[in-house]
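Single-letter residue listing:
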Amino acid sequence: MKAQVWLLTAGMLCAVAGAQVVTDTPRSAQTFDMARGGRAVSIVVSPEDSATVRLAAKLFADDVERVTGTRPQVVDALPATGDGIVVGSVGHSTVVDGLNLAAVTALRGKWESGLVRVVPQGGRRLLVVAGSDRRGTAYELLGISRAMGVSPWYWWADVPAKKHASVSIQDGWQTAGPSVPYRGVFLNDEDWGLRPWAARKMDPELKNIGPHTYERIFELLLRLRANLLWPAMHPGTLAFNAVPANAKLADEWGIVMGASHSEALLRNNVGEWDEQRDGPWNYQLNKPAMDAYWDKRIAENGRYENFYTVGLRGAHDSGLEATGTKEVKAQLVESVMASQQAILKKYGQQEAPQVDWLYKESIDLYRVGMKVPENVTLGWTDDNYGYIRQLPNAEEQKRKGGSAVYYHVSYWGFPHDHLWLATTPLSLMQEELTKAYAHNARKLWVLNVGDIKPSEIQIDYFLQLAWDEPKMAQLSQRQFLEDWMREQFGAASAKTAASVMADFYRLNFVRRPEFMGFNGYDDDVNRTAFNPLAWGDQNQQRMAAWNGLVKREQAIPVLPAAKAAWYELVKYPIEAASAHNAKFLWADRAVLDAHAGKADEARAAAGKSQAAYDAVQSMTAAYNALQGGKWDGMMPAHSRDRHVFDMPKIPLDSSTALPVSWGKGDEHLVSSVNAMQVIFKSSGVLPRPELGITGGSLELREDGEAEFELMAETSGDATLAIDLLPDFPIDSDHTLRYQVQVDGGEWVPLDASGTEQERPGISTWKTNVLRGFAEQTLALPALKAGRHTVKLRYAGDPGVVIENVSLRLAGAPPAYPVAPEMAHP
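So, here's what we can say about the structure. A quick note: this is a predicted structure, and the numbers were derived from the prediction, not measured.

Once that is clear, we can look at the packing of helix α1 (residues 51–68) against helix α4 (residues 134–148). Interaxial distance between α1 and α4 falls to 9 Å at its minimum, and their mutual angle equals 5 degrees. On the basis of the axis angle, α1 is roughly parallel to α4. The residues of α4 that touch α1, namely those facing Thr 52, Val 53, Ala 56, Ala 57, Leu 59, Phe 60, Asp 63, Val 64 and Val 67, are Arg 134, Thr 137, Ala 138, Leu 141, Leu 142, Ile 144, Ser 145 and Met 148. Of the residues contributing to the contact of α1 with α4, the split by class is 12 nonpolar, three polar and two charged.

So, in structure tokens, the structure goes:
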């Protein structure tokens, strides 16, 4: 049971992930003074303890100085007199072990656990910060740093430390190990941010990502209680192990190294495999060379702590290079894993953790019977847009190797990138990741974070959820955001900052900025589908929503020292997204005005579209110039040169045809309700108030039933549309069945499975992930005018999440994403 942790600062009380710390309070017999009156107690670390613990002690000394202006000494032996902070790992610190504390001894054999105790010794007192291992110790110490006012994002997001005259700690707590033993991030798609920035600002001698960059990343991970990294690996990026210092640094910082789903046994294929030299990347044709290639890496890096990817995909995030049926390919990958395990055994690494990622075509091979060794973790993935494709069934959950999750908040690929702004709602992350945890996918969690910035909030949330899933699963998106904003910017702005970020996620769930071109993967942009001719002008409504959000954000008071952090974490995401939306919406307005023969208005609207484009460019330049150019190269305005970032072409011609998604009609022929507007729900219905296209969703669980009321103002043939979260069946034993009943009639079975294929009643996966919902329809011929009840109920399959329910009669105008909720008499 994890202790509830509190931070008391100048009379303010709030729950945080950290330690029991009091600041700016009078001296007390119940607390231990770490710093007071311009003096700080020494930090004692045994010289034989790990480099990770020594690095953490140095960071902690830096943090005390940041907060109080006084730097404690870090010494390797306990002074003869005076209070002190004793830091160490059980079994590795002669100082800690020499205290003979039963609670410390009880930590032996535990994973990343720790404790803090105030121990009297003669006429003095010692603050003992002990861990079951090197990371457990570091997490406890840096947890105190976080609680006393040093954000883990002090460097990566320029969050200023809170200043205090004194810092004291209350006596005693103990921290159990993490919910997910291995937790980390994947640096990916780094071509447009992390790599150019690192080449300019961090490792200019390499003109690439190198040790100085990685050291800052390792520190961030340790401060966030993470323990694993998949390094950057795109073409043009220096392979992680091309610089021997990188792996050594990772070990010193206590970071477990892995490699992506397509890079077995720590190999960066793009940077390390040369077909001219090594032959084809084809195990059917080139087994000896590929085995030797993997063998060499384990010979070099096997002495470090690693989590090995096993199996085989193409050389770089591509399909398996092999011939034959799926069954033949499955057997080939089985032989690959056998060879890889033999290599690991050769170097004494047979007990090291291993994972086979069931990603893209790999899951197809698994589905036709590919056998994965019992000790190998099964790696389950999302669809790159935040919806987990499959989780282990009851039998798979019994496997010795357990299960892992690979999840994206940044992605380069079809049907469209989302690399620029981190817009995945925390509510969606919670929905998917808690579902994974409940299905025992809890051995390893990896988050694809792109360039790290601007995914700071999602990274912190993901890692806190992985650290303490039971606690975090109970915390709403709004609650987390408020706590997080309080930590970065103080209590005065926390609630309003949380509110604007929640609305930022809501607006972007309707359409991410990168999807506002309503275009394909790499073709020219189209007009948006926000209908300016109906529903009170959806074009203007979306612009008004963004403008209102920007005004609220700009009205929030921010301390001068926090201006850079505010720009990076709040201001730029909101204002750049707003301008990017305005670029397209004003372009639409110009086309509409031109079509109506309003030449002057059309030119004015086109000018506003251009001004919005220019605003994004200037805001991005300002971002890169922050802190004297610290982030120069990190934030792009044209990620991957996708057309969605261009200034759109605006045909100011009255003969230009308008999109079919813009059309008039009788708005009274539609009745629409958000799923939260339920008139009855059973106990098996779970509200998801911060998830969905129209403001909230309902999840059907066992015995769940929800009832809605809709209105048909005229008689006629109608269509019932049910909009669902575009999710997948929970595992191979389930589909996404549910049942619908209209006006007390027969229960009709529906199934939302198969979102990756075109089929009657459900849109394609591509359309679904771009718009944030999957739609199923039910024909209701000769529907009578009046009120109608629609009931939806659980039918044996978990994971059905309802976003919106609507009735449509012929002649209703198109709407995006759905018709707004109508008021009926």
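An order of β15-β14-β13-β20-β19-β18-β17-β16 is seen for the eight strands of this open sheet, with the pairing classed as parallel. This sheet does not close on itself; its edge strands, each paired only once, are β15 (256–257) and β16 (308–310). The pairing of strand β13 (residues 182–187) with strand β14 (residues 228–230) spans three bridges and is classified as parallel. Looking across to β14, one finds that Gly 184 is bridged to Leu 228. Strands β13, β14 and β15 of the sheet are contacted by helix α6 (residues 211–223), whose axis makes an angle of about 140 degrees with β14.

What follows is about the sheet that holds strand β9 (residues 114–121). Strand order across the open sheet formed by six strands is β7-β6-β8-β10-β9-β12, with mixed pairing between neighbours. Both edges of this open sheet fall to β7 (74–75) and β12 (173–175), since each of them pairs with a single strand only. Sitting on the sheet, α1 is in contact with β6 (42–45), β7 and β8 (84–89), with an inclination near 175 degrees to β6.

A word on the pattern of salt bridges. Side-chain pairs of opposite charge can arise whenever the charged atoms involved come near each other. As enumerated under the stated definition, the model contains 52 salt bridges in all. The partner of Arg 71 in a salt bridge is Glu 65, and the shortest N-O contact between them spans 3.5 Å. With its nearest N and O atoms 2.8 Å apart, the salt bridge here joins Arg 552 to Asp 503. Taken together, the residues span a long stretch of sequence, with Arg 552 in helix α18 (residues 538–554) and Asp 503 in helix α17 (residues 491–510) at a distance of 49 residues. Judged by its relative accessible area of 35%, Arg 552 falls in the partly exposed class. What you see here is one network of salt bridges that share partners, running through Glu 112, Arg 134, Arg 135, Arg 183, Asp 251 and Glu 305.

Let us look at the packing of aromatic side chains. Think of a pair of aromatic rings as described by two things: how far the centres are apart, and how the planes are tilted against each other in angle. This structure, assessed with the given rule, holds 40 aromatic pairs. Centroid distance Trp 281 to Tyr 293: 5.8 Å. Interplanar angle 85 degrees. Geometry classified as edge-to-face. Of this pair, Trp 281 sits in the loop between α9 (275–278) and α10 (283–301) while Tyr 293 sits in helix α10; the two residues are 12 residues apart in sequence, bridging distant segments of the chain. Note on Tyr 366 and Trp 380: the rings are 5.9 Å apart at their centroids and 85 degrees apart in plane angle, and the pair reads as edge-to-face. Taken together, the positions of Tyr 366 in helix α12 (residues 361–367) and Trp 380 in strand β18 (residues 377–381) put the pair 14 residues apart, joining distant regions of the chain. Taking relative accessible area as the criterion, Tyr 366 reaches 15% and is therefore assigned buried. Above the face of the Trp 747 ring, Arg 793 is positioned so that its terminal group lies 3.9 Å from the ring centre.

About the cut-offs
Residues numbered from 1 in each chain as written. Predicted model: local features only at pLDDT ≥ 70, side-chain atom pairs only at ≥ 80, totals over all residues. Heavy atoms only, no water. Axes fitted to C-alpha atoms, helices over the stretch in contact; angles between N-to-C directions. Helix = DSSP H or I, 4+ residues; strand = E, 2+ residues; numbered from the N terminus. Parallel < 35°, antiparallel > 145°, perpendicular 65-115°, else oblique. Contact = heavy atoms within 4.5 Å. Nonpolar A, V, L, I, M, F, W, Y, C, P; charged D, E, K, R; others polar. Pairing = 2+ DSSP bridges. Salt bridge = Lys/Arg side-chain N within 4 Å of Asp/Glu carboxyl O. Buried < 20%, exposed > 50% of the residue type's maximum accessible area, 1.4 Å probe, protein only. Phe/Tyr/Trp six-rings, centres within 6.5 Å; stacked < 30°, edge-to-face > 60°. Lys NZ or Arg CZ within 6 Å of the ring centre and 35° of its normal.

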